[in-house]
Structures are given as C-alpha cells and as structure tokens.
Amino acid sequence: MKSKTLIKLIARPWVDPICLWGLKRMFPASRAWAAANISEGDADRFANLLGFERVPVGVTGRLRKTLELRRNSDAAFQRWEEAIFSAKGDVAAAEDSRRGAAQAWGTHKLAYLVLAKRRGVPAARLNVPTPAEAMEEFGSAMANPDALFKLPAALPEVERSRPVELGSVVEYWLRFRSPGGDTAYAHVYEPKQVPAGGMPTLIFGHGLAIETEMMKGDLRGYASLAESGIRLILPDAPGHNRRVAADLYGGESFILAPPVSGLRHLTVATKEFGILATWARANGSKRVAFSGMSLGALTSQVAATRMGTWPVEARPDALMLLTTTDRVSTLAFDSSIAVIAGLDVAARAKGWRTASFAPLAGLVDASPVPPLDPERIVMLIGERDNVTPVAGGKRLADGWKVPAKNLFSRDQGHFSAAFGLGVDASPFRRIQEILAA
C-alpha cells in the first residue's frame, strides 16, 4: 500500500525536472566511473583518460573500490552464465548474486558525483561526426532503407537457460549472437500453464540508460504481467545492462556520436527484435507485439516501419509505444536529454543544423502510413513530454490514425508517465486484449 502511494506521488509532472536535473549530474559521474573502470586503480591513467591536468586529491581509494566492485561483478556474471546455461548450480542463487554484485558496482557511480561536477567532466565521450561524415556512412542506404535493417540470412541460434519457477510463472533467460557482433541477452517471464487460447509474446524494450537488469528485484513487476497469460521478453538493448563496453557506461554508446551512434544502435536493436519474434513464434506464440518505453518504443516503431524485407514470422502483429515521437532523426536537437548532455551544442559545433537531419529522416523517422492496422497500435503520450517531444507523439498518433480506445494521453512528462504505469497500467491491458483477440 505504501509503495502504491509513493508511485502515485511521483507519477506527477513535478518529478520530471528533478529527473532531468539528476541525469545532468549522473551522466558526468557515470563518465568518470567508466574511466575508473579501465584505469585499473591507476590514478595517473584515470586523470589522463578524463583530461585532468592534475590527479584529483583522494581519488585513489575510490579507484581501488571501483576496481574491486567491477571484479566482483564480473566474477558473479561469469558464475551466473555457467549456472544458468549449464546443468550446474542454483539458478536463482546465481541470479541473486549477479544482481547484487552488479548493483553494488553500478551504484558506485555516486562516488564520482562531486568530482565530476567540480572538474567539469562531460556527459559522454563525445565524438560527433560532421554531416558529410554521417552521409558517408549512411548515405548509400537512403535509396533502399529497408535493406539497412535486413535480418541475417541465417538467424542465430537462440539459447534458452534453465528456468526458475515463481509460483504460476516461469522465469528464464535467452542469449544469442547479435547482428552487432556481441552476445545479446533477454530476460523472460511466462505463465507456467499455457492459456487455452495460446500464449502471446510481448517484447518490451527499456529506455535509454535504464538498467534494471543490473539491480536487485523485479522492479517493474513484470512477473505479475506473465500471470495474466502473456510471455514477456525483456531484451538488454545494445550498450546496456550485460552489454556495456568496458570503457563506457550503460547508454553512452547511443549518445556519444549523434546522430550516427543512434542509427547504429537502432539498426542492431531492431534486428534483435525480429530474431526474438521469430524465436517466440517457434516456441508457442501465434501472436507477437513489439513494445517499449522511450528508446524501447522508438526501437519498436523503427522496426515496424523498416520490416519490409523481413519474413512474416519476424514481424509483429501489434505495437505498444509508450512515450515516443515521430522524428527520431532529430532527437539530438529536439530532446531535453540531448540538451542536458550537451549533444545539441556538440552537434552544432560540427555543422549540424535542423535541415542537416533531413536526408537521414527516411531511415528512422516514422512512415506516413501505419505499418500495421491502427486497431493494433497502442500509444501512451505524456502531454508534458520534452524528452520524446509530445508534439511528435501527437503527430504520430494522428498520422497513423490510432483509435481513441488505443490512445492514452496523460497530463505527465516523460518520466512521470513511466512511473504512472505503476498506478494505471491500462496500455498493457489494452495490448493484451489485442493479442488475445
């Protein structure tokens, strides 16, 4: 009861400026933490990585602690993989240990908050290309955008872990070789007993820098969704959770070279959705929905828009887009997160203007025609959203003719809308109704 009251309190627009204020400080702290992770406790190397003229006083102890926590987390992750993808060990215990060690390591970012602010550490290790450089990488795809998002001719084998039984729900994990070259992971909850009408699958993508897989507990209550008869697949997005490069923090790979880093992310993440959809259909699901919050919603809509070359089994039957926008290509200028991270200033310094993004729009911006029957598209719009700008969400809903029964518009911002789902999960109920029909 107390937690429901707390969620109601923070699911209001007053929380959004506070979240942005927090991110403005956490991004630089995370950048310092990422540098600490590869400094191996060496204060001189740490200072050099961040461009400091002098080694910060008293930083050596923090670096050693970061190194210790990183090694603990790496070891727990190794034990986890060995336990759940083999016939050895206690799966539940290995997962609890992995999450605990990951949380201790990740929350150590807070140890760098003051240092990052005082030393002016940037929000990301920015390497923004010029418009000409971006065109050199992606220009050839503009004649046939769907080809950029084409699935591999031979899809990778998806390996399923040993399960954990949670009453009426089964929990397990998937892993496979990503088209991006690394190992992709997904966390799955599904009902132990398959419903009479079959078990639909909801693939749900998380937001930028959201790493609940590296924290203890089922923070979003996903297991309870599975109790209602749906399989829920929660993929780790590229550059997040178990997939972060050693010298970066979770989500930094998406923002470090706008807009090409975002395009690279989406070309990989969308294909992973298609691979997971194919696996789900081969494993008991006649219907599959692509869905997500924020970056996960953008991934879902780009995948649906650019799935022209995909086989039918990889395509979604429905979409649930929670806090999204139609002009994905210009988020380096339009999003308040881009502003607090300094992406807009860095992009302008490299010659980017609003018109510069126009050639890239055909790759990732929403199509003028809905990719699915609008009756099978669910949307949540925060009326005060300035992260995935509300005007773009409304244009998308209008352009795709999303029916009123599928459109949830709330007097909330980007973050309060996410919290609000803990109070009123109507969009989830609606997508379940659509998948069950």
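A brief report on the enclosed structure follows. (Residues numbered from 1 in each chain as written. Predicted model: local features only at pLDDT ≥ 70, side-chain atom pairs only at ≥ 80, totals over all residues. Heavy atoms only, no water.)

### Topic: unusual backbone geometry
Line of reasoning, step 1. The residue after proline 258, namely proline 259, is reached through a cis peptide bond having omega -5°.
Line of reasoning, step 2. Within the fold, proline 259 resides in the loop between α10 (252-255) and α11 (260-282).
Line of reasoning, step 3. Look at glutamate 40: it is not a glycine, yet its phi comes out positive at around 55°.
Line of reasoning, step 4. With respect to the secondary-structure elements, glutamate 40 resides in the loop between α2 (15-39) and α3 (43-49).
Line of reasoning, step 5. Its relative accessible area of 39% is what places glutamate 40 among the partly exposed residues. (Helix = DSSP H or I, 4+ residues; strand = E, 2+ residues; numbered from the N terminus. Buried < 20%, exposed > 50% of the residue type's maximum accessible area, 1.4 Å probe, protein only.)

### Quick look at the packing of aromatic side chains
Aromatic ring pairs are reported here in terms of the distance separating the ring centres and the angle at which the planes meet.
Line of reasoning, step 1. Counting across every chain of the model gives 16 aromatic pairs.
Line of reasoning, step 2. Ring centres of phenylalanine 27 and tyrosine 249 lie 6.1 Å apart, and the angle between their planes is 25°; this geometry places the pair in the stacked category. Taken together, the positions of phenylalanine 27 in helix α2 and tyrosine 249 in the loop between β6 (231-235) and α10 put the pair 222 residues apart, joining distant regions of the chain.
Line of reasoning, step 3. Plain terms: the ring middles of tryptophan 80 and tyrosine 185 are 6.0 Å apart, the flat faces sit at 55° to each other, and that makes the pair tilted. A residue pair is termed long-range when its members are at least 10 positions apart, and tryptophan 80 in helix α4 (residues 59-84) and tyrosine 185 in strand β4 (residues 183-191) qualify at 105 residues. Taken individually, tryptophan 80 and tyrosine 185 each receive the classification buried, so the pair is uniform in this respect.
Line of reasoning, step 4. Here a set of aromatic residues connected by ring pairs shows up, and it is made of Phe77, Trp80, Phe85, Trp173 and Tyr185.
Line of reasoning, step 5. Taking the ring centre of phenylalanine 52 as reference, the NZ or CZ of arginine 119 above it sits at 4.9 Å.
Line of reasoning, step 6. In this structure, arginine 160 packs its charged tip against the face of tyrosine 172, placed 3.6 Å from the ring centre. (Phe/Tyr/Trp six-rings, centres within 6.5 Å; stacked < 30°, edge-to-face > 60°. Lys NZ or Arg CZ within 6 Å of the ring centre and 35° of its normal.)

### Some remarks on the packing of helix α7 (residues 131-138) against α11
Line of reasoning, step 1. With their axes 11 Å apart at the nearest point, α7 and α11 run at an angle of 20° to one another. One finds that α7 runs roughly parallel with respect to α11. Considering how the two elements wind past one another, α7 and α11 form a crossing that is right-handed. Every residue of α11 that contacts α7 at Ala134, Glu137 and Phe138 is listed here: Val260, Leu263 and Arg264.
Line of reasoning, step 2. Its residues placed into classes, the contact of α7 with α11 shows four nonpolar, no polar and two charged. (Axes fitted to C-alpha atoms, helices over the stretch in contact; angles between N-to-C directions. Parallel < 35°, antiparallel > 145°, perpendicular 65-115°, else oblique. Left-handed = near helix turned anticlockwise from the far one by under 90°. Contact = heavy atoms within 4.5 Å. Nonpolar A, V, L, I, M, F, W, Y, C, P; charged D, E, K, R; others polar.)

### A closer look at α2
Line of reasoning, step 1. For α2, which comprises 25 residues, the first-to-last C-alpha distance of 35 Å matches the rise-based estimate of 36 Å (1.5 Å per residue) to within 8%.
Line of reasoning, step 2. Just beyond α2, the residue with positive phi is glutamate 40, at close to 55°. (Expected span 1.5 Å × (residues − 1).)

### Considerations on the pairing of β6
Line of reasoning, step 1. Burial within β6 is extensive, with five of its five residues counted as buried.
Line of reasoning, step 2. With burial as the criterion, each face of β6 is covered, one bearing Arg231, Ile233 and Pro235 and the other bearing Leu232 and Leu234.
Line of reasoning, step 3. Where β4 lies against β6, four bridges are found, and the strand directions are antiparallel. Residue pairing for β6: histidine 187 is matched across the bridge by leucine 234.
Line of reasoning, step 4. Direction of pairing for strand β5 (residues 201-205) relative to β6: parallel, over a ladder of three bridges. Looking at the pairing, leucine 202 lines up with leucine 232 of β6. (Pairing = 2+ DSSP bridges.)

### Quick notes on the side chain of serine 30
Line of reasoning, step 1. Mapping serine 30 onto the fold places it in helix α2.
Line of reasoning, step 2. By relative accessible area, which is 5% here, serine 30 ends up buried.
Line of reasoning, step 3. Beyond its immediate stretch of four places on either side in the chain, serine 30 contacts Lys109 and Tyr249.

### Regarding the pattern of salt bridges
Line of reasoning, step 1. Considering all chains together, one arrives at 31 salt bridges under this definition.
Line of reasoning, step 2. Among the salt bridges present, the one from glutamate 95 reaches arginine 99, with a minimum N-O distance of 2.7 Å. Highlighted residues: glutamate 95 and arginine 99, both in helix α5 (residues 91-106), separated by four residues, approximately one helical turn.
Line of reasoning, step 3. The exposure class assigned to arginine 99 is buried, which follows from its relative accessible area of 7%.
Line of reasoning, step 4. A salt bridge links lysine 192 to glutamate 165, with the nearest nitrogen and oxygen atoms 3.1 Å apart. Here lysine 192, found in the loop between β4 and β5, pairs with glutamate 165, found in strand β2 (residues 164-166); they are 27 residues apart in sequence, far enough to count as distant.
Line of reasoning, step 5. Look at glutamate 165 and you get exposed, because its relative accessible area is 58%.
Line of reasoning, step 6. Shared partners join several salt bridges into a network, and the residues in it are Glu95, Arg98, Arg99, Glu213, Asp236 and Arg242. (Salt bridge = Lys/Arg side-chain N within 4 Å of Asp/Glu carboxyl O.)

### Let's talk about the packing of α4 against α5
Line of reasoning, step 1. It is the contact of α4 with α5, at a shortest axis distance of 8 Å, that shows an interaxial angle of 160°. Classified by the interaxial angle, the pair formed by α4 and α5 is roughly antiparallel. Crossing of α4 over α5 shows left-handed handedness. Across from Thr66, Leu69, Arg70, Asn72, Ser73, Ala76, Phe77, Arg79, Trp80, Ala83 and Ile84 in α4, the residues of α5 making contact are Val91, Ala94, Glu95, Ser97, Arg98, Ala101, Ala102, Ala104 and Trp105.

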